[in-house]
Amino acid sequence: QVQLVESGGGLVQSGGSLRLSCAASGSMIFLNVMGWYRQAPGKQRELVTTITSGGSTNYADSVKGRFAISRDNARNTVHLQMNSLKPEDTAVYYCKAERSWPPSEYWGQGTQVTVSS
């Protein structure tokens, strides 16, 4: 029922910035938690950051202070601002949405972020 479309990935140099976007097909009012995950080659998918409907945020230690997640409820869009990028940030980044009722989760298709050293 819910589709997530991601954009904004690309190739940047170490220390550069990227802004990822995740657009939901419908209103985000029932999507209690929105978040970003990433998966590097040969690695398990890991949590990057989440944001609740109330605006509470959570960040992985590895990105704290460099990344910022935000919600634009009017446009049904979630953003991830990534600053001071490092080569170890290279991964496919996935948008995730969680619905409170019925309990459900949805995933975007993923967008590639590559940071050169």
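Rules of the game
- Residues numbered from 1 in each chain as written.
- Predicted model: local features only at pLDDT ≥ 70, side-chain atom pairs only at ≥ 80, totals over all residues.
- Heavy atoms only, no water.
- Salt bridge = Lys/Arg side-chain N within 4 Å of Asp/Glu carboxyl O.
- Helix = DSSP H or I, 4+ residues; strand = E, 2+ residues; numbered from the N terminus.
- Buried < 20%, exposed > 50% of the residue type's maximum accessible area, 1.4 Å probe, protein only.
- Pairing = 2+ DSSP bridges.
- Axes fitted to C-alpha atoms, helices over the stretch in contact; angles between N-to-C directions.

By the definition in use, this model includes seven salt bridges. Residue arginine 38 pairs with aspartate 89 through a salt bridge whose shortest N-O separation is 2.9 Å. Taken together, the residues arginine 38 in strand S4 (residues 31-39) and aspartate 89 in the loop between strand S8 (77-82) and strand S9 (91-99) connect sequence positions 51 residues apart. Classification of aspartate 89 by relative accessible area gives buried; the value is 1%. The salt bridge partner of arginine 66 is aspartate 89, with a shortest N-O separation of 2.8 Å.

Here we come to the pairing of S4. When you tally the buried positions in S4, you get seven out of nine residues, the bulk of the element. Relative to S9, S4 is paired through eight bridges, and the arrangement is antiparallel. The residue bridging methionine 34 from the neighbouring strand is alanine 97, located in S9. The sheet contact formed by S4 and strand S5 (residues 46-52) spans six bridges and is antiparallel. Counterpart to valine 33 in the pairing with S5 is threonine 52. Linking two consecutive strands that pair antiparallel, namely S4 and S5, is a turn of six residues; a positive phi of about 75 degrees is found at glycine 42 within it.

Turning our attention to the sheet that holds strand S1 (residues 4-7). One open sheet holds the four strands; their spatial order is S1-S3-S8-S7, and the pairing between them is antiparallel. The sheet terminates laterally at S1 and strand S7 (67-72), the two strands that pair on one side only. Pairwise comparison of adjacent strand axes, ignoring direction, gives a mean angle of 15 degrees for this sheet. Relative to S8, S7 is paired through six bridges, and the arrangement is antiparallel. Residue pairing across strands places arginine 71 opposite valine 78, the latter belonging to S8.

All quantities given are derived from atomic positions and should not be read as evidence of function.
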